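Residues per chain are reported as follows:
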Amino acid sequence: MIDTDLVGEKTIVTGKGDGPTVEVSSAAGRAFLVTLEITRIIEQESLDVSIHGSADGATWGAKAIAAFPQKFYCEQSPLLLDLTAHPDVKFVRAHWEVARWGRGVETPMFEFGVRLKEVPADVLREATAEAKALA
């Protein structure tokens, strides 16, 4: 069962970057809960976090396989990462970009973390069935 950080808790960033490479090929399923937690910001800035996949851990696609909506505030946000449409992906990593505008210091600053947790297949089936029943 995979349960690890894509970006360490309370990581402080002032520019764009990438988290460490995480191997997901050992996962029993291909679904993961990715949680973005922003714990500190300054005003008038934005954070874009996306998840990229790789078959070999060295070559990364230019296009993200999943992305959070752009963020401006401290908050915790979940995202379901379903890799069934990407059977070649054996490694994932987080990528972030930051921007700042307005008055004051021009350098953006975010403190955040991104957690990756495997979703057991039975839990995913149950949630999918419940969602279909509600629709």
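Values in this document were obtained by computation on a predicted structure and should not be read as measured data.

Calculation rules
- Starting from 1, residues in each chain are numbered consecutively following that chain's sequence as written.
- Side-chain atom pairs in this predicted model are given and counted only at pLDDT of 80 or more, local residue features only at pLDDT of at least 70, and totals for whole chains, interfaces and linings cover all residues.
- Note that the side-chain values use all heavy atoms of the structure and ignore hydrogens as well as water.
- Helix and strand assignments follow DSSP, with helices taken as H or I runs no shorter than four residues and strands as E runs no shorter than two, numbered in order from the N terminus.
- We treat two strands as partners when DSSP finds at least two bridges between them.
- For helices, the fitted axis covers only the stretch in contact; all axes are lines through C-alpha atoms, and the angles between them, taken along N-to-C directions, range from 0 to 180 degrees.
- Contacts: residue pairs with any heavy atoms within 4.5 Å of one another.
- Only centres within 6.5 Å qualify two rings of Phe, Tyr or Trp (six-membered ring in Trp) as a pair; their planes then separate them into stacked at under 30 degrees, edge-to-face at over 60, and tilted for everything else.
- For the exposure calls, accessible area comes from a 1.4 Å probe over protein chains only, and a residue counts as buried if that area is under 20% of its type's maximum, exposed if over 50%, partly exposed in between.
- Salt bridges are counted wherever a side-chain nitrogen of Lys or Arg sits within 4 Å of a carboxyl oxygen of Asp or Glu.

Go over unusual backbone geometry with me, naming the residues and quoting the values.
Notably, K10 is not glycine yet its phi reads approximately 60 degrees, a positive angle. Tracing the backbone through its elements, the reader meets K10 in strand 1 (residues 3-13).

Give a description of the sheet that holds strand 1 that names residues and reports values.
Sheet strands line up and pair through hydrogen bonds in the backbone, either parallel or antiparallel. Strand order in the open sheet formed by four strands is 1-9-4-7, with antiparallel pairing between adjacent strands. Each edge of the open sheet carries a strand with a single partner, namely strand 1 and strand 7 (75-82). Between one strand axis and the next, the sheet turns through 15 degrees on average, direction left out of account. As paired strands, strand 4 (residues 31-41) and strand 7 are joined by eight bridges and run antiparallel to one another. By the bridge assignment for strand 7, V34 is matched with L79.

Which residues make up the environment of A66, and what are the values?
With respect to the helices and strands, A66 occurs in strand 6 (residues 66-67). For the pair formed by A66 and H52, sequence separation is 14 residues and the distance between their alpha carbons is 7.2 Å. Setting aside chain neighbours within four positions, we find A66 in contact with S50, I51, L79 and L81.

So what's going on with the packing of aromatic side chains? Residues and values would help.
Evaluation of the coordinates by the stated rule reveals three aromatic pairs. Look at F72 and W101: their rings are 6.3 Å apart centre to centre, the planes differ by 75 degrees, and that puts the pair in the edge-to-face class. One end of the pair, F72, is in the loop between strand 6 and strand 7; the other, W101, is in the loop between strand 8 (91-100) and strand 9 (110-118), with 29 residues separating them in the sequence. A relative accessible area of 41% means that W101 is categorised as partly exposed. Between W96 and F112, the ring centres sit 5.6 Å apart and the planes meet at 80 degrees, which makes this aromatic pair edge-to-face.

Can you explain the pattern of salt bridges? Please cite residues and give values.
Under the criterion given, the structure shown has five salt bridges. Across the salt bridge formed by D5 and R115, the nearest N and O atoms sit 2.7 Å from each other. One end of the pair, D5, is in strand 1; the other, R115, is in strand 9, with 110 residues separating them in the sequence. Look at D5 and you get partly exposed, because its relative accessible area is 29%. Between D18 and R93 there is a salt bridge; the shortest N-O distance is 3.9 Å. Taken together, the positions of D18 in strand 2 (residues 17-18) and R93 in strand 8 put the pair 75 residues apart, joining distant regions of the chain.

Keep in mind these numbers describe shape, not what the thing actually does.
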